[in-house]
Amino acid sequence: MSRTRRNLLGMVIAASLSACASPAAKVYTLVAVPGTAVGGRPVTASVAAVDIAKYLDRPQIVTRSGTVELGVAEFERWGEPLANMVQRVLAEDLARRLPSGSVVTTSRTLSGDEAVTVELAVARFDPDADGTIVLAAQWRLQRKAGGRAKTETARITRRPADETTAAEVQAMSDALGELADRIAGGLPATLRRG
C-alpha cells in the first residue's frame, strides 16, 4: 500500500473514531438560595434522609415531554444522588432562614441535641412539558420531645429564566428555597407546642 493511501486510510479511521466519541457529560448541583430569617430563639434542627420518587432516583436529569412520557438527559447529570443533594441543600436553606445562632444538620452529622427533625418526601421534582419546574412534597416536623407531628404538603412551581439545563436547575434550587421558607415558618410554632 502506498504511503498516500495509508495516510488517507488513517485519516478516514481517525474521522470515524472521532464521530463515534460521546459528548462530555455536564454535571449539575442544586444550590442554597437567600431567604428571610424568621424571628424567635435559635433552633437546633436536623434534616432526615429525604424520600424521593423512584423515577427521579438516577444520575441523569429527568424531564417530561408529555403527561405520561419522561425523558432522561443522558449527558446532563447530577453531581450526587438527588435525594442526598436535596437533603444537604434544604439544610443549608433552613440555616439561612432560621434565627441567628440556629444549627441545622443532616442525618449524617447528627449531634443528638437537635430539638426537631424535618422529615421530607418528594413526590415530584421535575419540569412539566412546558418547562415549568414542579416540586410536590410532604414534610413533617418531628420534635425530640415527642408529640403528634402534623404532615404539611406543598406544590411549588417555578419558571426557568430560559430553556437551558442550568436555568432549569436554578429554578429547582429556587423552588427548594421556597419550600425552606414554608418549613422555617412552621418551626417556631412546632417547638412551642407542648
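Preceding this paragraph is the structure being described.
Residues numbered from 1 in each chain as written. Predicted model: local features only at pLDDT ≥ 70, side-chain atom pairs only at ≥ 80, totals over all residues. Heavy atoms only, no water.

1. Some points on the overall build of the chain
Selection criterion: Helix numbers and strand numbers start at the N terminus; a helix is a DSSP run of H or I with at least 4 residues, a strand a run of E with at least 2. Throughout, exposure labels follow a simple rule: accessible area from a 1.4 Å probe, protein chains only, divided by the maximum for the residue type, with under 20% read as buried, over 50% as exposed, and the rest as partly exposed. Residue contacts are counted whenever heavy atoms from the two residues lie within 4.5 Å of one another.
Each helix and strand in the chain was counted, giving 3 helices and 9 strands. For the chain, the N- to C-terminal ordering of α and β elements is α-β-β-β-β-β-α-β-β-β-β-α. The buried share among the 194 residues of the chain stands at 38%. Sequence separation of 24 or more characterises 68% of the internal contacts of the chain that already satisfy a separation of 6 or more.

2. Description of the nonpolar core
This is how it is decided: Residues grouped as a nonpolar core are buried Ala, Val, Leu, Ile, Met, Phe, Trp, Tyr and Cys residues, joined through side-chain atoms within 4.5 Å.
Residues L30, W78, L94, L120, F125, L135 and L179 are the most contacted members of the largest nonpolar core, which totals 45 residues. Secondary-structure elements contributing two or more residues to this core are β2 (44-47), β4 (60-64), α2 (82-97), β7 (116-127), β8 (133-143), β9 (151-158) and α3 (165-192). Element by element, the count of residues in this core is highest for α3, at 10 residues.

3. Re the pairing of strand β5 (residues 70-78)
Test applied: Pairing between strands is defined by DSSP: at least two bridges between them are needed.
Two elements, strand β1 (residues 26-28) and β5, share 3 bridges in a ladder whose sense is parallel. Residue pairing across strands places Y28 opposite W78, the latter belonging to β5. In this sheet, β5 lies alongside β4 in antiparallel orientation, the contact comprising 5 bridges. Residue R64 lies in a different strand from β5, and its bridge partner there is L70. Count of turn residues in the β4/β5 antiparallel hairpin: 5 residues.

4. Description of the sheet that holds β1
Using the following cut-off: Fitted lines through C-alpha atoms serve as axes, helices being fitted only where they are in contact, and the angles separating the N-to-C directions of these axes extend from 0 to 180 degrees.
Across the sheet, 3 strands lie side by side as β1-β5-β4; this open sheet has mixed pairing. With partners counted over all chains shown, the strands left at the sheet margins are β1 and β4, one partner each. Put simply, the sheet's adjacent strands are angled 60° from each other on average, direction ignored.

5. A closer look at the side chain of S46
What counts, and what does not: N or O atoms within 3.5 Å of each other form a polar contact, as long as, within protein, one can give a hydrogen and the other can take it, and as long as residues adjacent in sequence are counted only when both atoms are side-chain atoms.
You can see S46 is positioned in strand β2. Of note is the side chain of S46, whose polar atom sits 3.1 Å from the side chain of T117.

6. A short note on the environment of I61
Within the element layout of this structure, I61 appears in strand β4. In this structure I61 comes out as buried when scored by relative accessible area, which is 1%. Leave out the neighbours within four places in its chain, and I61 touches Y28, G71, V72, A73, E76, R77, W78, T165, E168 and V169.

7. Overview of the pattern of salt bridges
Oppositely charged side chains can pair when the atoms bearing their charge come close. For clarity, the cut-off: Every case where a carboxyl oxygen of Asp or Glu lies within 4 Å of a side-chain nitrogen of Lys or Arg is listed as a salt bridge.
Within this structure, the stated rule accounts for 13 salt bridges. Here D128 and R124 are joined by a salt bridge, their closest N and O atoms 2.6 Å apart. Overall, D128 belongs to the partly exposed group, its relative accessible area being 26%. One salt bridge in this structure joins E178 and R182, with 2.9 Å as the shortest N-O distance.

8. Side note on the environment of G35
You can see G35 is positioned in the loop between β1 and β2. Once the C-alpha coordinates of G35 and D181 are considered, the two residues, 146 residues apart in sequence, prove to be 7.0 Å apart.

9. Quick notes on the environment of Q60
Among the secondary structure elements, Q60 is positioned in strand β4. A sequence separation of 13 residues divides Q60 from A73, and the C-alpha atoms of the two residues are 5.8 Å apart. Dropping the residues within four chain positions of it, Q60 is found in contact with V72, A73, E74, E76, R77 and W78. A distance of 3.5 Å separates the side chain of Q60 from the side chain of E74, its partner in a polar contact.

10. A short note on α2
As a reminder, the rule being used: Between the first and last residue of a helix there are one fewer steps than residues, each counted as 1.5 Å, and that sum is the expected span.
In a regular helix each residue adds 1.5 Å, so 16 residues correspond to 22 Å; α2 covers 22 Å between its end C-alpha atoms and thus fits that length. Within α2, the full set of buried residues consists of L82, A83, M85, V86, Q87, V89, L90, A91, D93, L94 and R97.

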